[in-house]
Amino acid sequence: MVTLLILVGIILLLGVILVGIFNSFVKNKNTVKDAWSNIDVALKRRYDLIPNLVETVKGYASHEKETLEAVIQARNAAIAVPSDDINSQIQAENQLQKTLRSIFALSEAYPDLKANTNFLQLQDKLNEIEENLERARRYYNGTVRENNTYGESFPGVIFAGMFNYKHFDYFEAEPESRENVKVSFS
């Protein structure tokens, strides 16, 4: 009888431990999804702002058609990624970020555009969105770190397959943005 009680106690203890591990996987996944939703809201605000920005630039730099089309294509590609595919959205956002830089580079070549009030307001709004995105990305990366660490360390790694652990990618800068900026005064 004592052996049976000890066996039942051990089974209950293992059950409680498994429930705790499962709940940790669920908590981590939901925290990452919550963090991503903050990024998603800011991205949608950016998506809505981009057509206005492109239209403003078109008036001043109409022969820069390739640059403007690249921005719109990158925006549309980012919008087309399913919202539950976070890792693909990160890649699409990095591409969009790269094309947006080209629009602001155009403003240097067109002084009238650089002085346009509408363009400046859109640029300020985009800068505000980018600041919000930076904070949201930092929070997202923290939650991803917790999720990935738990799923790849003991005891999580043992039960990761059983509890459908999902690895998430960090939101990182693309390699081009890590290169040194070339400044020339010639």
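Placed above this text is the structure.
Here's a quick rundown of the structure. Here the structure is a predicted model, which is why all the values come from computation and not from measurement.

Conventions used here
- Residues numbered from 1 in each chain as written.
- Predicted model: local features only at pLDDT ≥ 70, side-chain atom pairs only at ≥ 80, totals over all residues.
- Heavy atoms only, no water.
- Helix = DSSP H or I, 4+ residues; strand = E, 2+ residues; numbered from the N terminus.
- Contact = heavy atoms within 4.5 Å.
- Phe/Tyr/Trp six-rings, centres within 6.5 Å; stacked < 30°, edge-to-face > 60°.
- Buried < 20%, exposed > 50% of the residue type's maximum accessible area, 1.4 Å probe, protein only.
- Patch = residues over 30% accessible without salt bridge, like charges linked within 9 Å, V, L, I, M, F, W, Y side chains within 5 Å.
- Areas by Shrake-Rupley, 256 points an atom, 1.4 Å probe, with all protein chains shown as cover.
- Salt bridge = Lys/Arg side-chain N within 4 Å of Asp/Glu carboxyl O.
- Axes fitted to C-alpha atoms, helices over the stretch in contact; angles between N-to-C directions.
- Parallel < 35°, antiparallel > 145°, perpendicular 65-115°, else oblique.
- Left-handed = near helix turned anticlockwise from the far one by under 90°.
- Nonpolar A, V, L, I, M, F, W, Y, C, P; charged D, E, K, R; others polar.
- Core = buried A, V, L, I, M, F, W, Y, C linked by side-chain atoms within 4.5 Å.

## Some words on the environment of Ala136
- Relative to the helices and strands, Ala136 resides in helix α5 (residues 117-152).
- Expressed as a C-alpha distance, the spacing of Ala136 and Val41, which sit 95 residues apart in the sequence, is 9.9 Å.
- The contacts of Ala136, once residues within four sequence positions are left out, are Asn38 and Ile39.

## Points about the packing of aromatic side chains
- Inspection of every chain in the model, using the stated rule, returns 8 aromatic pairs.
- Taking the centre distance of 5.9 Å and the plane angle of 20 degrees together, the rings of Trp36 and Phe171 count as stacked. Of this pair, Trp36 sits in helix α1 (residues 2-60) while Phe171 sits in the segment after α6 (156-159); the two residues are 135 residues apart in sequence, bridging distant segments of the chain.
- Relative accessible area serves as the criterion here: at 8%, Phe171 is assigned to the buried category.
- The interplanar angle of 50 degrees and the centroid separation of 5.9 Å between the aromatic rings of Phe104 and Phe119 together place this pair among those described as tilted. Of this pair, Phe104 sits in helix α3 (residues 86-109) while Phe119 sits in helix α5, and the two are 15 residues apart along the sequence.
- Classification of Phe119 as buried rests on a relative accessible area of 0%.
- Put simply, the rings of Phe22, Phe25, Tyr150, Phe159, Phe163 and Tyr165 touch in pairs and so form one group of aromatic residues.

## Some words on a nonpolar patch on the surface
- Taken together, the side chains of Met1, Leu4, Leu5, Leu7, Val8, Ile11 and Leu12 present a nonpolar region at the surface, about 770 Å² in accessible area.
- Along the chain, Met1 turns up in the segment before α1.

## Considering the packing of α3 against α5
- Packing of α3 against α5 brings their axes to within 13 Å, and their N-to-C directions diverge by 150 degrees. Accordingly, the angle class assigned to the pair α3 and α5 is roughly antiparallel. The element α3 and its partner α5 pack so that their crossing is left-handed. Of the residues in α5, those in contact with Ile86, Ile90, Gln97, Leu100, Ile103, Phe104 and Ser107 of α3 are Phe119, Gln123, Leu126, Glu130, Arg137 and Tyr140.
- A breakdown of the residues in the contact of α3 with α5 according to their chemical character gives 8 nonpolar, 3 polar and 2 charged.

## Describing the pattern of salt bridges
- Tallying each qualifying case throughout the model produces 7 salt bridges.
- Note that Arg45 is salt-bridged to Glu128, the shortest N-O span being 3.8 Å. Taken as a pair, Arg45 in helix α1 and Glu128 in helix α5 lie far apart in primary sequence, 83 residues in all.
- Judged by its relative accessible area of 37%, Glu128 is partly exposed.
- Shared partners join several salt bridges into a network, and the residues in it are Arg45, Lys125 and Glu128.

## Some words on the nonpolar core
- Trp36, Ile39, Leu53, Val57, Ile103 and Tyr140 are the most contacted members of the largest nonpolar core, which totals 38 residues.
- Those elements that provide at least two residues to this core are α1, α2 (65-80), α3 and α5.
- Setting aside its immediate chain neighbours within four residues, Tyr140 contacts Val32, Ala35, Trp36, Ile39, Ile86, Ile90, Phe168, Asp169, Tyr170 and Phe171.
- Formed by 5 residues, the second largest nonpolar core is a distinct cluster that contains Ile21, Phe25, Ala160 and Phe163.

Any link to function would need more than the numbers given here.
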